[in-house]
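Overview (structure and organization)
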Amino acid sequence: MLKFKAKRIAAHTDRALDRLHAIEAAIIALDNDDLLDFADIFAGGEASPLRNIATAEMERRSISL
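Residue positions are counted from 1 within each chain, in the order its sequence is given. The model is predicted, so local features are restricted to residues of pLDDT at least 70 and side-chain atom pairs to those at 80 or more, both for listing and for counting; the totals for chains, interfaces and linings are taken over all residues. Side-chain metrics in this entry use all non-hydrogen atoms of the structure; hydrogen atoms and water are not considered.

1. A closer look at the packing of helix α2 (residues 32–41) against helix α3 (residues 49–61)
In this analysis, axes come from line fits to C-alpha atoms, helices being fitted only over the stretch in contact, and the angle between any two N-to-C directions falls in the range 0 to 180 degrees. Secondary structure is summarised from DSSP: a helix means a run of H or I of at least four residues, a strand means a run of E of at least two, and numbering begins at the N terminus for each. With their axes 9 Å apart at the nearest point, α2 and α3 run at an angle of 145° to one another. In this structure, α2 meets α3 at a crossing whose hand is left-handed. Contacts from Asn 32, Leu 35, Leu 36, Phe 38 and Ala 39 in α2 reach Leu 50, Ala 54, Glu 57, Met 58 and Arg 61 in α3. Residue classes in the contact of α2 with α3 are distributed as seven nonpolar, one polar and two charged. Two helices crossing with the near one rotated counterclockwise from the far one by less than a right angle form a left-handed crossing, whereas a clockwise rotation gives a right-handed crossing. What makes two residues a contact is simply this: any of their non-hydrogen atoms within 4.5 Å. Ten residues, namely Ala, Val, Leu, Ile, Met, Phe, Trp, Tyr, Cys and Pro, are considered nonpolar, four, namely Asp, Glu, Lys and Arg, are considered charged, and the remaining ones, Gly among them, are considered polar.

2. Comments concerning the packing of helix α1 (residues 2–29) against α3
Direction vectors running N to C along α1 and α3 enclose 40°, while the axes themselves pass 10 Å from each other. Viewed along their axes, α1 and α3 adopt a mutual orientation that is oblique. Between α1 and α3 lies a crossing whose hand is right-handed. For the pair α1 and α3, the contacting residues are Leu 20, Ile 23, Glu 24, Ile 27 and Ile 28 in the first and Leu 50, Ile 53, Ala 54, Glu 57 and Arg 61 in the second. When the residues that make up the contact of α1 with α3 are grouped by side-chain class, the tally is seven nonpolar, no polar and three charged. Working definition: roughly parallel below 35 degrees, roughly antiparallel above 145 degrees, roughly perpendicular at 65 to 115 degrees, and oblique for all remaining angles.

3. Looking at the nonpolar core
For this analysis, a nonpolar core means a set of buried residues of the types Ala, Val, Leu, Ile, Met, Phe, Trp, Tyr and Cys, connected via side-chain atoms within 4.5 Å. Only protein chains enter the accessibility calculation, which uses a 1.4 Å probe. A residue is then buried if its area is under 20% of the maximum for its type, exposed if over 50%, and partly exposed in between. Ile 27, Leu 35, Phe 38, Ala 39, Ile 53, Ala 54, Met 58 and Ile 63 together form the largest nonpolar core, which totals eight residues. Of all the secondary-structure elements, those providing two or more residues to this core are α2 and α3.

4. Some points on the pattern of salt bridges
The working definition used for a salt bridge is a side-chain nitrogen of Lys or Arg within 4 Å of a carboxyl oxygen of Asp or Glu. The full count for this structure, using the stated rule, is two salt bridges. Taking the shortest distance from any N to any O, the salt bridge between Glu 57 and Arg 60 comes out at 2.6 Å. With Glu 57 and Arg 60 both in helix α3 and three residues apart, the pair spans about one turn of that helix. Under the relative-accessibility criterion, Glu 57 is labelled buried at 6%. A salt bridge links Glu 57 to Arg 61; the shortest N-O distance between them is 2.8 Å. Of this pair, Glu 57 and Arg 61 both sit in helix α3, separated by four residues, roughly a single helical turn. The same class applies to Glu 57 and to Arg 61, which are both buried. Members of the salt-bridge network, linked through shared partners, are Glu 57, Arg 60 and Arg 61.

See the structure below:
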């Protein structure tokens, strides 16, 4: 039983990482104007993973809000 649970957890983790990589790729693929619009949506409030990804990509491109 423990083997099956471990396999299920590993598969769930793999799917979550695949989704995260797809989200990161989609954000990186945005053109500058769309990236700025996206970052503006998440600019207020608490820090979030989406905001962190957008901010990192903006820094890489040397653009700011």
